[in-house]
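# Secondary and tertiary structure notes
Okay, here's what each chain looks like letter by letter:
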Amino acid sequence: MNTAPRIRVMIVDDHPMVRRGLAAFLKAHQDLELAAEAGDGQEALQLCEQARPDVILMDLIMPGMSGSETTRAIRARFPRVRVVALTSFQDKELVREAMDSGAISYLLKNVTGLELVEAIRAAHAGRSTLAPEALQALVQTAQEGPRPGYDLTAREQEVLALIVE
């Protein structure tokens, strides 16, 4: 008999069918427990307080608060909660935003069931899982170097803007 505590998972996605499918999927695994479902970022923030999830499966493209904004807000209030970005998009800017906001992992929705379960378990243990496309996007971003203006102070940016005018 397994007495290990179950991993409490919250699903945040604006598509009810995606939430239902993921919820049904979680029920098939004894070590995973559905803590809550949210249809948008605001609802996720409210439910996080009550549900106390260990891991959140976070869609990134939602009306209102984006998944990255929601992740940043949740991580600020609940730093122990791990967020797995689960999206259909592999745009490098979206990957960077998700990781910068505090997501521990980035997966595409075409992930297999086994890969998703392993990513949830890894996130709970503090380990990252990245879709190959997300990893490639991060490598490309790193090779591009910092974006212009990041190394300037606010005053230097203001002077530069005046020079451009």
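Preceding block: the structure.
These remarks concern the structure in this document. (Residues numbered from 1 in each chain as written. Predicted model: local features only at pLDDT ≥ 70, side-chain atom pairs only at ≥ 80, totals over all residues. Heavy atoms only, no water.)

Another point: the packing of helix α2 (residues 41–51) against helix α3 (residues 67–77). α3 packs onto α2 with a crossing angle of 20° between their chain directions and a minimal axis gap of 10 Å. Between α2 and α3, the interaxial angle falls into the category roughly parallel. Considering how the two elements wind past one another, α2 and α3 form a crossing that is right-handed. Note on element contacts: α3 touches α2 through Thr70, Ala73, Ile74 and Arg77, opposite Gly41, Ala44, Leu45, Cys48 and Glu49. Looking at the contact of α2 with α3 residue by residue, the class counts come to 5 nonpolar, 2 polar and 2 charged. (Axes fitted to C-alpha atoms, helices over the stretch in contact; angles between N-to-C directions. Helix = DSSP H or I, 4+ residues; strand = E, 2+ residues; numbered from the N terminus. Parallel < 35°, antiparallel > 145°, perpendicular 65-115°, else oblique. Left-handed = near helix turned anticlockwise from the far one by under 90°. Contact = heavy atoms within 4.5 Å. Nonpolar A, V, L, I, M, F, W, Y, C, P; charged D, E, K, R; others polar.)

Taken together, the 5 strands give an open sheet; going across it, the order is β2-β1-β3-β4-β5, and neighbouring strands pair in parallel fashion. Each edge of the open sheet is held by one strand with a lone partner, namely β2 (32–38) and β5 (105–108). Taken pair by pair, the neighbouring strands of this sheet meet at an average axis angle of 25°, ignoring direction. As defined by bridge partners, strand β1 (residues 7–12) adjoins β2 across 6 bridges and the pair is classed as parallel. Bridge assignment links Arg8 to a residue of β2, and that residue is Glu33. Strand contacts of helix α1 (residues 16–27): β1, β2, β3 (55–58) and β4 (82–87), with the helix running at about 165° to β2, the strand carrying the most contacts. (Pairing = 2+ DSSP bridges.)

Tracing the backbone shows Thr70 in helix α3. A relative accessible area of 0% means that Thr70 is categorised as buried. Among the polar contacts listed, one links the side chain of Thr70 to the backbone oxygen of Ser66, at a separation of 2.9 Å. (Buried < 20%, exposed > 50% of the residue type's maximum accessible area, 1.4 Å probe, protein only. Polar contact = N/O pair within 3.5 Å; in protein donor to acceptor, adjacent residues only side chain to side chain.)

On to the pattern of salt bridges, then. Summed over all chains, the structure comprises 11 salt bridges. A salt bridge links Glu37 to Arg19; the shortest N-O distance between them is 3.6 Å. Linking Glu37 in strand β2 with Arg19 in helix α1, this pair joins segments that are 18 residues apart in sequence. Take Glu37: its relative accessible area is 30%, and that puts it in the partly exposed class. A salt bridge links Arg121 to Asp31; the nearest nitrogen and oxygen atoms lie 2.7 Å apart. Taken together, the residues span a long stretch of sequence, with Arg121 in helix α5 (residues 113–124) and Asp31 in the loop between α1 and β2 at a distance of 90 residues. Taking relative accessible area as the criterion, Asp31 reaches 21% and is therefore assigned partly exposed. (Salt bridge = Lys/Arg side-chain N within 4 Å of Asp/Glu carboxyl O.)

Function cannot be read off these values alone, since they describe shape.
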